[in-house]
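Structural characterization, general
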Amino acid sequence: MHIVLAFNLREESAVADDQPPSEPPSLPTEDLYAEWDDIHTIRAVEAALASRHQVSLVNADLEAFARFRALQPDLVFNIAEGLHGASREAQIPAMLDMLGIPYTGSDPVTLGICLDKRRTKEILSCHRIATPRFAVVSSLSDIPARLRYPLIVKPTLEGSSKGVTDKALVHDRKALVRQVEWVLTTYGQPALVEEFLPGREFTVAMLGNGEDIQVLPIVEINLHTLPAGVNPIYSFEAKWIWDQE
């Protein structure tokens, strides 16, 4: 089988070994490429696929559509994240749908909804699936008073813990205002404020569709290994700084 590995290469890793950030971002450019993969990850995925298949690499840039069209693979193994807009994770799957090329992962609609935490929570609530109470804050005048502390503050349209620093968990209005203002200023998008749900955190990966779905082994995020005194959340620091030390 001919498989194309579609990815976004983190810019600096093309010429040097990746270095983890030394502190959480203060400007959007500082974590702009946090969702993208370094060359070591891409080569590892390529090697795994190449053990059984012919593999071609396609960086998900402005030339990607033409490359998919020329290669006409049997399948695209998609780990591309995109860069611009709320639909960025859906852009490569939308191209592949247009070309009639099968791919791994979710379709464009699913990816577009899931990146938008506000829409995801609205849909969950509509179907009576339990989700913490929340508010979407577009300006400091919109900060809610009805939610119960502690609260967690996140950008509405980011992934990979971008914007969810250790300070995202707040226990009073002063900290809430400070964190909402930081999200609005740093990311230029509304902040999602929701009641904090404590407890254990798990990741569950699945392969297949419908009755053929296969649930892979469950992975737990071990919050007990975090440095002493920090909040029990899988924050930007936990994912990109402390885990690299």
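Residues numbered from 1 in each chain as written. Predicted model: local features only at pLDDT ≥ 70, side-chain atom pairs only at ≥ 80, totals over all residues. Heavy atoms only, no water.

1. Observations regarding the overall build of the chain
Threshold: Put simply, DSSP marks the helices as runs of H or I at least four residues long and the strands as runs of E at least two long, and each gets a number from the N terminus on. Two things to know: the radius of gyration comes from C-alpha atoms, and the globule rule equals 2.2 Å times the number of residues to the power 0.38. Throughout this description, buried means an accessible area under 20% of the type-specific maximum (1.4 Å probe, protein chains only), exposed means over 50%, and partly exposed covers the range between. Only heavy atoms matter for contacts: two residues are in contact if any of them lie within 4.5 Å across the pair. For accessible areas, the Shrake-Rupley method is used with a probe of radius 1.4 Å. Any residue's cover is judged against the shown protein chains and nothing else. The charged-residue count follows a simple rule in which Lys and Arg add positive charge and Asp and Glu add negative charge, with His and chain termini not counted at all. For the purpose of locating charges, the reference atoms are NZ of Lys, CZ of Arg, CG of Asp and CD of Glu.
Within the chain, the regular secondary structure consists of seven helices and eleven strands. Its C-alpha atoms give the chain a radius of gyration of 19 Å, near enough to 18 Å, the size a compact globule of 245 residues would have. With respect to the three principal axes, the spread of C-alpha positions in the chain is 55 × 45 × 35 Å. Within the chain, buried positions represent 40% of all 245 residues. Nonlocal contacts in the chain, meaning residues at least 24 apart in sequence, comprise 66% of its contacts between residues at least 6 apart. A total of about 14,200 Å² of accessible surface is found on the chain, and carbon and sulfur atoms cover 55% of it. Of the side-chain charges in the chain, 22 are positive and 34 negative, and the distance between the mean point of each set is 8 Å.

2. Quick word on the state of the cysteines
In protein structure, a disulfide is the covalent linkage between the sulfur atoms of two cysteines. Heads up, the rule is: We call a pair of cysteine sulfur atoms a disulfide whenever their separation is within 2.5 Å.
Throughout the structure, instances matching the rule amount to zero disulfides. Looking at the unpaired Cys-126, the closest cysteine sulfur is the one in Cys-114, lying at 15 Å.

3. Describing unusual backbone geometry
Among all residues except glycine, the phi angle is most often negative; among peptide bonds, the trans geometry is most common. In this chain, Tyr-149 is followed by Pro-150 through a cis amide linkage whose omega measures 0°. By the secondary structure assignment, Pro-150 is in the loop between strand 4 (134-137) and strand 5 (151-155). At Gln-72, a position not held by glycine, the phi torsion is positive, near 45°. The topology assignment puts Gln-72 in the loop between helix 2 (64-71) and strand 3 (75-78). Judged by relative accessible area, Gln-72 falls into the partly exposed class, the value being 45%. Positive phi, close to 55°, is recorded for Ser-160, a residue that is not glycine.

4. Thoughts on the packing of helix 4 (residues 108-115) against helix 5 (residues 117-126)
Note the following rule: Axis angles are defined between N-to-C directions and span 0 to 180 degrees, where every axis is a line fitted to C-alpha atoms and, for a helix, only to the segment in contact. Orientation categories follow fixed angle ranges, with anything under 35 degrees roughly parallel, anything over 145 roughly antiparallel, 65 to 115 roughly perpendicular, and all other angles oblique. Each residue receives one of three labels: charged for Asp, Glu, Lys and Arg, nonpolar for Ala, Val, Leu, Ile, Met, Phe, Trp, Tyr, Cys and Pro, and polar for the others, Gly being one of them.
Between helix 4 and helix 5, whose axes approach to 5 Å, the crossing angle comes to 100°. As far as their axial angle goes, helix 5 and helix 4 are roughly perpendicular. Residues Ile-113, Cys-114 and Leu-115 of helix 4 form the contact with helix 5, whose participating residues are Lys-117, Arg-119, Thr-120 and Ile-123. Taken together, the residues of the contact of helix 4 with helix 5 break down into four nonpolar, one polar and two charged.

5. Here we look at the nonpolar core
We count it as follows: Nonpolar cores are built from buried Ala, Val, Leu, Ile, Met, Phe, Trp, Tyr and Cys residues. Side-chain atoms within 4.5 Å join them into one set.
Leu-151, Val-153, Val-170, Leu-176, Val-180 and Val-193 are the most contacted members of the largest nonpolar core, which has 14 residues in total. If you list the elements that add at least two residues to this core, you get strand 4, strand 5, helix 6 (173-187) and strand 7 (191-195). When near neighbours in sequence (up to four residues on either side) are disregarded, Leu-176 contacts Ile-143, Pro-144, Tyr-149, Leu-151, Val-153, Val-170 and Val-193. Core analysis: the next-biggest nonpolar cluster, separate from the first, contains 13 residues, Ala-6, Val-58, Ala-80 and Leu-99 among them.

6. A look at helix 3 (residues 91-99)
Keep this limit in mind: The arc in question is the one traced by the directions running from the helix axis out to the C-beta atoms.
Restricting attention to buried positions, one finds in helix 3 the residues Ile-92, Pro-93, Leu-96 and Leu-99. One side of helix 3 carries all its buried residues, which in axial view fall inside an arc of 120°. Looking at the packing, one finds that the buried side of helix 3 touches helix 2, strand 3 and helix 4. Where helix 3 terminates, the next one or two residues include Gly-100, which has phi positive at roughly 70°.

7. Thoughts on the confidence of the model for the chain
Let me state the cut-off plainly: Scored from 0 to 100, pLDDT reflects the predictor's confidence in each residue.
Here the chain averages 88 in pLDDT, and 90% of its residues register 70 or above. Low confidence marks residues 13-22, where pLDDT is under 50. Its contacts with residues over four positions away, or in another chain, come to 15 contacts.

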